[in-house]
2 protein chains.
Amino acid sequence: MELRALAERVAEKFPVRERDLRRTFEALLTTDNLWEVLDLTDIPIMTFCEIWEELAHAGLVEVSDSSLKLTPKGRELAASLEITPIRDFACPRCKGRGIEIELLKEVAEKFKAIASSRPEAIRDYDQGYVLEEVTVARVALMWQKGDLAGLNLMVLGDDDLVSVAASLTGAPKRVTVIDIDERLLDFIQKVSDEEGLKIQVLKHDLRYPLPEELQGAFDTFITDPTESFKGMKAFLSRSLSCLKGPGSAGYFGFTRREASLKKWQAIQKFLLEKGAVITDIIDDFNVYANWPYMESMRAWKHLPIRVLPQKEWYKSAHYRIELLEKPGPDTEVFPLDLYDEETATV
Amino acid sequence: MELRALAERVAEKFPVRERDLRRTFEALLTTDNLWEVLDLTDIPIMTFCEIWEELAHAGLVEVSDSSLKLTPKGRELAASLEITPIRDFACPRCKGRGIEIELLKEVAEKFKAIASSRPEAIRDYDQGYVLEEVTVARVALMWQKGDLAGLNLMVLGDDDLVSVAASLTGAPKRVTVIDIDERLLDFIQKVSDEEGLKIQVLKHDLRYPLPEELQGAFDTFITDPTESFKGMKAFLSRSLSCLKGPGSAGYFGFTRREASLKKWQAIQKFLLEKGAVITDIIDDFNVYANWPYMESMRAWKHLPIRVLPQKEWYKSAHYRIELLEKPGPDTEVFPLDLYDEETATV
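Below is a summary of the structure that appears in this document. (Residues numbered from 1 in each chain as written. Chains lettered and ligands numbered in written order. Predicted model: local features only at pLDDT ≥ 70, side-chain atom pairs only at ≥ 80, totals over all residues. Heavy atoms only, no water.)

### Here we look at the overall build of chain A
If you tally the helices and strands in chain A, you get 11 helices and 9 strands. Relative to a compact globule of 346 residues, whose C-alpha radius of gyration would be 20 Å, chain A shows 21 Å and is just as compact. Its C-alpha atoms give chain A principal-axis dimensions of roughly 60 × 40 × 30 Å. Evaluated residue by residue, chain A yields a buried proportion of 63% over its 346 residues. (Helix = DSSP H or I, 4+ residues; strand = E, 2+ residues; numbered from the N terminus. Rg over C-alpha atoms; globule rule 2.2 N^0.38 Å. Buried < 20%, exposed > 50% of the residue type's maximum accessible area, 1.4 Å probe, protein only.)

### Examining the environment of Ala 108 of chain A
All names here are of chain A. Inspection of the secondary structure puts Ala 108 in helix α6 (residues 105-115). For Ala 108, a relative accessible area of 16% gives the class buried. Spatially, the C-alpha atoms of Ala 108 and Gln 215 are 31 Å apart, while their sequence positions differ by 107 residues.

### Observations concerning the interface of chain A and chain B
With 57 residues of chain A at the interface, the matching set in chain B holds 57 residues. Carbon and sulfur atoms supply 52% of the area buried between chain A and chain B, which totals about 4900 Å² over both sides. Residue Asp 283 of chain A is joined to Lys 145 of chain B by a salt bridge in which the shortest nitrogen-to-oxygen separation is 2.7 Å. Joining chain A to chain B, the criterion identifies 32 residue pairs in polar contact (both at pLDDT 80 or more). Every element with two or more residues in the side of chain A that touches chain B is listed here: α2 (18-30), α7 (132-144), α11 (261-273), β8 (276-287) and β9 (315-323) of chain A. Considered class by class, the residues forming the side of chain A that touches chain B number 25 nonpolar, 11 polar and 21 charged. (Contact = heavy atoms within 4.5 Å. Buried area = accessible area lost by both parts, 1.4 Å probe. Salt bridge = Lys/Arg side-chain N within 4 Å of Asp/Glu carboxyl O. Polar contact = N/O pair within 3.5 Å; in protein donor to acceptor, adjacent residues only side chain to side chain. Nonpolar A, V, L, I, M, F, W, Y, C, P; charged D, E, K, R; others polar.)

### Section: the side chain of Gln 265 of chain A
Tracing the backbone through its elements, the reader meets Gln 265 of chain A in helix α11. Accessibility expressed as a relative area gives 3% for Gln 265 of chain A, which makes it buried. Contacts of Gln 265 of chain A, omitting those with residues within four sequence positions, involve Leu 272, Gly 275, Ala 276, Val 277, Leu 324 and Glu 325 of chain B.

### As for the pairing of strand β7 (residues 249-254) of chain B
All names here are of chain B. Burial analysis of β7 places 6 of its 6 residues in the buried class, which makes it a mostly covered element. Residues Ala 249, Tyr 251 and Gly 253 line one face of β7 and the alternating positions Gly 250, Phe 252 and Phe 254 line the opposite face, and both faces are buried. Bridging between strand β6 (residues 220-223) and β7 involves 4 bridges; their strand directions are parallel. What sits directly across from Thr 223, in β7, is Phe 252. You can see the chain leave β6, run along helix α10 (residues 229-241) and come back into β7, and the turn it takes is right-handed. (Pairing = 2+ DSSP bridges. Right-handed = clockwise from strand over helix to strand, strands pointing away.)

### Let's talk about α2 of chain A
Residues and elements named next belong to chain A. With 13 residues, α2 extends 19 Å between its outermost C-alpha atoms, agreeing within 8% with the 18 Å of an ideal straight helix rising 1.5 Å per residue. In terms of burial, α2 is largely enclosed, as 10 of its 13 residues are buried. Among the residues of α2, Arg 19, Asp 20, Leu 21, Arg 22, Arg 23, Thr 24, Phe 25, Glu 26, Ala 27 and Leu 28 are the ones counted as buried. (Expected span 1.5 Å × (residues − 1).)

### Quick notes on the pattern of salt bridges
Summed over all chains, the structure comprises 64 salt bridges over all chains. In this structure, the salt-bridge partner of Arg 256 of chain B is Glu 322 of chain A, at a minimum N-O distance of 3.5 Å. You can see Arg 256 of chain B sitting in the loop between β7 and α11 (261-273) and its partner Glu 322 of chain A sitting in strand β9, one on each of two chains. Taken individually, Arg 256 of chain B and Glu 322 of chain A each receive the classification buried, so the pair is uniform in this respect. Where Glu 102 of chain B meets Lys 105 of chain B, a salt bridge forms, and the shortest distance between an N and an O atom there is 3.7 Å. Residue Lys 105 of chain B is classed as partly exposed on the basis of its relative accessible area, which comes to 46%. Salt bridges sharing common partners tie together Arg 17, Arg 19, Asp 20, Asp 39, Asp 42, Arg 256, Arg 257, Asp 284 and Lys 315 of chain A together with Asp 147, Arg 320 and Glu 322 of chain B.

### A word on the relation of the copies chain A and chain B
Each copy superposes on the other: chain A lies on chain B with an RMSD of 0.0 Å after a rotation of 180° and an axial shift of 0.0 Å. Accordingly, the operation relating the two chain copies is best matched by a two-fold axis. The fraction of interface residues of chain A whose copies in chain B are also interface residues reaches 100%, indicating that both copies meet through the same surface. (Least-squares fit on C-alpha atoms with pLDDT ≥ 70 in both.)

### Comments concerning unusual backbone geometry
Residue and element names in this part refer to chain B. Although it is not a glycine, Asp 42 sits at a positive phi angle of roughly 60°. By the element assignment, Asp 42 lies in the loop between α3 (34-41) and α4 (45-57). Using a relative accessible area of 16% as the deciding quantity, one classes Asp 42 as buried. The phi torsion at Lys 95 lies on the positive side, around 60°, for a residue other than glycine. Since its relative accessible area comes to 46%, Lys 95 is described here as partly exposed.

### Observations concerning the pairing of strand β5 (residues 200-203) of chain A
Residue and element names in this part refer to chain A. Inspection of the sheet shows strand β4 (residues 174-179) paired to β5 by 4 bridges, in the parallel sense. Its bridge partner being in β5, Asp 179 is matched across the sheet by Lys 203. Crossover connection from β4 via helix α9 (residues 182-195) to parallel β5: handedness right-handed.

Printed below as a string of structure tokens:
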């Protein structure tokens with residue numbers, strides 16, 4: 001049997017390559033847990049569901065006892081293709097991020113205490129926050145790279161509370177956060193008042209360009225955009241527009257759990273066209289806490305089994321860019337519906 | 001005093017931004033060792049030399065006792081700009097690479113023993129190899145990503161001996177290495193024979209396209225190109241041409257010690273145009289052993305002080321790409337002189 005033929009059949013609906021099927025087999029040889037498989041394959045969930053259906057149809061995989069399994073026929077195929085389990089070489093100390101947060105222990109502890117009473121993630125704004133240790137690692141990374149100390153930081157959308165962790169270090173000159181969610185803005189404002197952090201908290205809808213006084217005013221941005229291409233463009237256009245110019249830097253998370261590499265390529269082209277250069281892409285840097293509205297995900301009803309995850313599985317790569325040229329004026333309005341099938345995943 | 005005015009003066013000769021001067025001050029507040037400063041600033045050496053001259057001319061820096069120092073005037077300026085020392089948050093276990101090689105202990109030990117009698121790096125081919133632990137980490141990374149086990153690996157230029165370390169794992173299906181340096185080819189062939197590694201060893205000059213039988217034949221490539229734009233394009237064109245097609249992956253090191261971000265941007269555009277997407281850029285992944293011909297570097301005579309480095313300082317980022325489309329035919333011949341001032345650094 002040829003993986004290529006199978007891949008071509010799936011590819012009629014979703015962009016999939018022979019490699020993706022191979023990786024799926026590797027993952028199924030490594031674990032029988034759906035969410036671990038989704039984590040390991042690095043394929044958009046909807047594409048994975050489509051792959052699973054084809055493989056099941058071909059008698060290569062099956063669900064048994066709420067577990068994903070290769071059938072004997074599937075195992076035979078894997079062996080004939082010299083497919084073996086995935087080896088995990090992620091550093092156990094930094095979880096593969098490369099960043100040591102032990103040096104920010106006090107900040108990390110204080111941040112954890114503050115975050116314990118944060119507003120829960122809600123679907124209205126496509127929220128889903130990263131683990132507290134990730135937020136602190138993001139801050140450490142910015143500091144190390146010379147993008148934090150003595151500089152103006154803009155956080156666009158902040159359910160991860162980066163503004164709080166960054167301010168707790170005392171390193172930045174000024175921290176500004178914009179968000180559309182008043183629960184979050186109120187929470188950050190309250191923390192800022194109580195801790196004397198002087199965070200500038202502003203309400204803004206990222207479908208619209210930033211107010212003029214925020215454009216060209218920051219050394220660094222950080223954001224965690226929604227995964228649709230239009231949404232991504234909206235978040236990044238606003239983000240780039242807030243930067244002062246050449247030498248300013250930006251950070252954002254981008255996942256392969258929902259976005260295809262085709263979309264990755266489109267985003268990379270967009271960034272380069274805007275005068276940016278990509279300096280870092282750290283895979284699986286961002287690990288997200290499981291969010292309470294899992295069952296209303298678009299992919300939910302397509303999953304091979306509908307069991308809630310017990311551990312974190314949703315991760316994203318962490319990008320860093322630097323501006324080499326001015327990105328040009330940002331005027332486009334994005335009439336964006338986060339749940340529009342067309343603008344959504346893949 | 002304005003950093004911008006200083007930056008503009010340097011920029012008449014080399015692309016430099018206010019940020020680069022800020023980073024230079026940060027580095028000089030962190031260490032007085034020339035090579036550590038070069039490591040920390042992430043500015044091409046020639047640009048750094050130019051910056052240093054301007055700063056010295058302005059009375060902001062000086063050399064004293066073979067050390068780089070800020071003058072009192074320089075310190076005052078740094079303080080007024082809220083410039084502080086660089087914070088190092090690199091994970092001490094994996095050195096910021098995110099990769100654990102402890103799991104490949106036996107391979108690593110055997111590889112180290114083999115590499116101890118390797119041919120020395122020579123200037124003729126712009127050689128300079130990475131530490132043994134880095135070569136092993138490169139192999140671990142490929143394995144983890146599903147780019148090694150059961151697959152065909154091509155190593156283009158192998159003073160780092162990746163072919164040997166990869167073969168020692170027993171994971172790949174086939175390992176091929178091409179190089180121009182007969183000393184290296186003989187060494188790898190000898191090791192392969194002694195250890196029964198079955199490495200395919202071929203002589204080839206990367207200024208010319210690959211022989212037809214090597215084109216479209218590999219799942220994964222790894223290379224460590226020279227830093228000139230033409231050299232980079234030559235290495236990467238050959239590398240991409242050896243891949244089977246969509247889903248194939250590639251790895252290469254690219255530095256900021258010699259190449260400007262402008263060149264980074266050009267290389268990224270080139271990769272995207274060729275149908276690739278960048279999936280990982282891991283900063284400072286590659287650490288190079290100091291090479292014996294340091295004093296014949298182009299930058300040597302421009303350095304503020306000419307002392308040899310005591311520790312490793314030359315690092316590069318490790319890129320991973322995946323192909324989404326076929327890169328198209330590779331026919332261009334690059335009449336490349338590695339030491340041509342025009343094609344060389346910046």
